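# Survey of secondary and tertiary structure
So the chains spell out like this:
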Amino acid sequence: MSGTLNKVMLIGHLGDEVKVHYFEGGGCIGRFPLATNETYTNRTTGERVTNTDWHNIVVRNKAAEVCEKYLKKGDKVYVEGRLKNRQWQGEDGNTRYATEVHVQDFTFLTNKNESGSQGGSSQSSAATSSGGNSQGYTMPEQKTPLQETEEDDLPF
C-alpha cells in the first residue's frame with residue numbers, strides 16, 4: 001500500500017472558550033484546547049489514576065463561527081481532523097513548535113440541559129433552539145450515529 005493516512009478522532013471537554021480571529025478577506029480561524037482523560041487503577045496501590053492530555057484544536061471559517069456560538073468551556077465534543085505541525089519564531093528569538101488538530105468534522109455531545117449545569121454557567125446552548133443546521137453539523141438535539149445504531153432492531 002503506497003497511500004498514507006493522517007486522521008485524528010477525539011472526544012473530550014473544552015478547556016476554554018473558543019477564540020476566533022477574523023481576517024480581512026472574510027475568513028476566520030477558531031482555536032480551543034480540548035482535554036481527553038485516561039483513567040486506570042494502579043496495581044500496587046489500588047488507587048485510581050487519571051491522566052489528562054491537552055490538544056490544540058483549530059477550526060476554520062463557518063465551522064469556527066458555529067463553535068464560537070454554541071460551545072462553552074466544559075462542553076463535550078467529538079472532533080475529527082488531521083494533525084498539523086507548526087513552527088514560528090518567538091519574541092525571545094527561539095523557535096517554537098506546536099502540534100494542532102485541524103478539524104474536518106465535529107459533533108456536539110453536550111445537550112442543552114448539561115451545558116447549563118456545567119461549570120456553574122447559567123447559559124444554555126442556543127443550538128437546540130436555532131432550528132437551522134447549516135453546513136451539516138450535528139447539533140446536540142440530533143441523534144449521533146451511535147444513538148441511531150443502538151435503536152435499530154437488527155437480527156444479527
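Provided above is the structure to which this section pertains.
Rules behind the numbers
- Residues numbered from 1 in each chain as written.
- Predicted model: local features only at pLDDT ≥ 70, side-chain atom pairs only at ≥ 80, totals over all residues.
- Heavy atoms only, no water.
- Helix = DSSP H or I, 4+ residues; strand = E, 2+ residues; numbered from the N terminus.
- Buried < 20%, exposed > 50% of the residue type's maximum accessible area, 1.4 Å probe, protein only.
- Contact = heavy atoms within 4.5 Å.
- Core = buried A, V, L, I, M, F, W, Y, C linked by side-chain atoms within 4.5 Å.
- Phe/Tyr/Trp six-rings, centres within 6.5 Å; stacked < 30°, edge-to-face > 60°.
- Pairing = 2+ DSSP bridges.

### What about the overall build of the protein?
For the protein, the count of helices and strands is 4 helices and 6 strands. Written out in order from the N terminus, the α and β elements of the protein read β-β-β-β-α-β-β-α-α-α. The proportion of buried residues among the 156 residues of the protein is 31%. Relative to all contacts within the protein whose residues are 6 or more apart in sequence, the contacts with residues 24 or more apart total 55%.

### A word on unusual backbone geometry
Peptide bonds are, in most cases, trans, and in most cases residues other than glycine have a negative phi. Positive phi outside glycine occurs at asparagine 61, with the angle close to 50°. For asparagine 61, a relative accessible area of 41% corresponds to the partly exposed category.

### So, the nonpolar core
Ranked by internal contacts, the top residues of the largest apolar core, which has 22 residues, are Phe32, Leu34, Ile57, Leu71, Val79 and Phe106. Contributions of two or more residues to this core are made by strand S1 (8–14), strand S3 (28–41), strand S4 (48–60), helix H1 (61–70), strand S5 (76–89) and strand S6 (95–108). Considering every element that reaches this core, the biggest residue donor is H1, with 5 residues.

### Some thoughts on the environment of lysine 72
Inspection of the secondary structure puts lysine 72 in the loop between H1 and S5. Judged by its relative accessible area of 22%, lysine 72 is partly exposed.

### Quick look at the environment of threonine 107
Structurally, the position occupied by threonine 107 is in strand S6. Between the C-alpha atoms of threonine 107 and valine 79, which are 28 residues apart in sequence, the distance is 6.6 Å.

### Section: the packing of aromatic side chains
All chains considered together, the criterion is met by 2 aromatic pairs. Ring centres 6.3 Å apart and planes at 55° place the aromatic pair tyrosine 70 and phenylalanine 108 in the tilted group. Here tyrosine 70, found in helix H1, pairs with phenylalanine 108, found in strand S6; they are 38 residues apart in sequence, far enough to count as distant. For the residue pair tyrosine 70 and phenylalanine 108, the accessibility class agrees, reading buried in each case. Judged by centre distance (5.4 Å) and plane angle (35°), the rings of phenylalanine 106 and phenylalanine 108 are tilted. Assessed through its relative accessible area of 3%, phenylalanine 108 is described here as buried. Among the aromatic residues, ring-to-ring pairing joins Tyr70, Phe106 and Phe108 into one connected group.

### Quick notes on the pairing of strand S2 (residues 19–22)
Direction of pairing for S2 relative to S3: antiparallel, over a ladder of 4 bridges. Looking at the pairing, lysine 19 lines up with arginine 31 of S3. Here S2 folds back onto S3, and the loop between the two strands holds 5 residues, one of which, glycine 26, carries a positive phi near 100°.

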